[in-house]
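# Examining the three-dimensional arrangement
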Amino acid sequence: MAPAQYTRITLAERPKTSITSSTFKREVVPFDLKPGPKQILVKAHYTSIDPAMRGWLNDARSYIRPVQIGEVMRAGVIGEVLEAGPGSKFAKGDIVSGVFGWTEYGVFDDKAAEKIHTQPGVDILDYLGPLGTTGLTAYFGLLDVGQIKPGETLVVSGAAGATGSVVCQIGKKKGAKVYAIAGSQDKCDWLEKELGVDKAFNYKSPTFFDDFRKTVGYLDVYFDNVGGDILNYMLTRLKPKARIVLCGAISDYNKAKPKGLSSYTNLIAQRARIEGFIVFDYAARYPEAQRELASWLQDGSLKRRFHIVKGLDKAPDALNLLFNGGNTGKLVVQVSDVKAKL
């Protein structure tokens, strides 16, 4: 039975620095949704919370159009088809993923959705984690951009996050020596004891820089999720022909004016390179990556952790967890009462 009304969260104002209570607006609206030809009515089950979402709030030139004032906040979602319109390729009960945003229900074109085909050893939630854009970012960023090789030294910042934790594990699978950087001792313990990195460093430790220098020395690949002072330091620790994979800059996203880099000339001296990338550019190759990532999930060699926040109303607060170190693993918001197996 359809509800009388539903909740959605829209952008109310553009934050100048951190997200505040006035950034978003909670709206309760009448349920008057009906799919048209080649459309589907979707009930959201889980929505993804990702660092990139902070950038989508800025009215600036980027790889994707910014979210507009009054629009439903953009986000990846896993949901269920409640009704399919005439000529739709989907059927009632299908589980689908798409960029449906922060809304309990919505009508979307068929082309905006992908059907999720469940398989043994894989949960639907994995399609927001290791089989979703975070895992795909790790896969293509490390293998295509970083071009990691057996025996090389890999350093990963933001290593306890959704993308970083997968990067660490792929690095080990490819024969690299993997050093992880995270923001608490609990996260470092998880990275070492459960994910098997060679050493994890707490960047908040007063001896972090000395410990890193003495233990790691120099690196071949740096997978950067944080930017800022850590990136600036890693620029001084490059081996010849080193590669820096510029995936994110979470330490700078909430700053009105990020501090620039001062160690970049080492790229010249070491004949190294730094390269940014966007996972959407690899869309045609998603299936090949998902097949390999799924096989690792099924044999138990790829581990994942989800931090689940319950209730769509909590989505804005959940987004802030990414910037204060409040999550370990993949952060999602549970929108409905459907529970994952994990």
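Higher on the page you've got the structure.
In this report, the structure presented in the accompanying data block is examined.

This part takes up the sheet that holds strand S12 (residues 238-246). Strand pairs in the sheet, formed through backbone hydrogen bonds, run parallel or antiparallel to each other. Reading across the sheet, the 6 strands line up as S10-S9-S8-S11-S12-S13 and stay open at both edges, with parallel pairing between neighbours. Across the chains shown, the open sheet's two edge strands, defined by having one partner strand only, are strand S10 (199-202) and strand S13 (273-276). The average undirected angle you get between the axes of adjacent strands in this sheet is 15°. In terms of strand pairing, S12 meets S13 through 4 bridges, oriented parallel. From the neighbouring strand, Ile244 faces S13, where its bridge partner is Ile274. Helix H4 (residues 185-193) contacts strand S9 (177-182) and S10 of the sheet and is inclined by roughly 170° relative to S10. Contacts between helix H5 (residues 208-215) and the sheet are confined to strand S8 (153-156), S9 and S10, with S10 contributing the most and set at about 160° to the helix.

Now for helix H2 (residues 133-145). Taking 1.5 Å per residue, 13 residues should reach 18 Å; H2 reaches only 16 Å between its end C-alpha atoms and comes up short. Counting buried positions along H2 gives 10 out of 13 residues, so the element sits mostly inside the fold. Buried residues of H2: Thr134, Gly135, Leu136, Thr137, Ala138, Tyr139, Phe140, Gly141, Leu142 and Val145, and no others. Positioned one or two residues after H2, Gln147 has a phi angle of 50°, which is positive.

Turning our eyes to something else, we now look at the nonpolar core. Counting residues in hydrophobic clusters, the biggest one holds 50 residues, and the most contacted among them are Leu142, Leu154, Cys168, Leu191, Phe223 and Leu293. Mapped by element, the contributors of at least two residues to this core are H2, S8, helix H3 (162-173), S9, H4, strand S11 (219-224) and helix H8 (286-298). Setting aside its immediate chain neighbours within four residues, Leu142 contacts Thr137, Gln147, Ile148, Leu154, Val167, Ile170, Gly171, Val221 and Phe223. Of all hydrophobic cores here, the second largest spans 31 residues; its members include Phe24, Ile40, Met73 and Ala75.

Let us look at empty space enclosed by the protein. Within this structure, the stated rule accounts for 2 cavities of 30 Å³ or more. Looking at the largest cavity, its volume works out to about 70 Å³. If you trace the largest cavity, you find it lined by Gly129, Pro130, Ala162, Ser165, Val166, Lys303, Arg304, Arg305, Gly329 and Lys330. Of the residues forming the lining of the largest cavity, the biggest block, 3 residues, is contributed by H3. The residue makeup of the lining of the largest cavity, split by class, is 3 nonpolar, 3 polar and 4 charged. For the second largest cavity, the calculated volume is near 30 Å³. Along the walls of the second largest cavity sit Val42, Lys43, Ala44, Phe100, Thr103, Glu104, Tyr105, Gly106 and Phe108, which together make up its complete lining.

Counted by the stated rule, this structure contains 16 aromatic pairs. Aromatic pair Phe140 and Tyr282: ring centres 4.6 Å apart, planes at 10°, arrangement stacked. Taken together, the residues Phe140 in helix H2 and Tyr282 in the loop between S13 and H8 connect sequence positions 142 residues apart. Accessibility expressed as a relative area gives 0% for Phe140, which makes it buried. Both rings, one in Phe208 and one in Phe212, keep their centres 6.2 Å apart while their planes meet at 50°; by these two values the pair is tilted. Here Phe212 and Phe208 lie together in helix H5, a separation of 4 residues that amounts to about one turn. With respect to burial, Phe208 and Phe212 carry one shared label: buried. Grouped by ring-pair contacts, the aromatic residues Tyr179, Phe201, Phe208, Phe209, Phe212 and Tyr233 constitute a single cluster. When the ring centre of Tyr218 is taken as reference, the NZ or CZ atom of Arg237 above it lies at 4.2 Å.

Conventions and cut-offs
- Residues numbered from 1 in each chain as written.
- Predicted model: local features only at pLDDT ≥ 70, side-chain atom pairs only at ≥ 80, totals over all residues.
- Heavy atoms only, no water.
- Pairing = 2+ DSSP bridges.
- Helix = DSSP H or I, 4+ residues; strand = E, 2+ residues; numbered from the N terminus.
- Axes fitted to C-alpha atoms, helices over the stretch in contact; angles between N-to-C directions.
- Contact = heavy atoms within 4.5 Å.
- Expected span 1.5 Å × (residues − 1).
- Buried < 20%, exposed > 50% of the residue type's maximum accessible area, 1.4 Å probe, protein only.
- Core = buried A, V, L, I, M, F, W, Y, C linked by side-chain atoms within 4.5 Å.
- 1 Å grid on protein atoms, 1.4 Å probe; cavity = no way out; pocket = protein on both sides within 12 Å on 5 of 7 lines; lining within 4 Å.
- Points joined across faces, edges and corners; volume = space filled by probe spheres on them.
- Nonpolar A, V, L, I, M, F, W, Y, C, P; charged D, E, K, R; others polar.
- Phe/Tyr/Trp six-rings, centres within 6.5 Å; stacked < 30°, edge-to-face > 60°.
- Lys NZ or Arg CZ within 6 Å of the ring centre and 35° of its normal.

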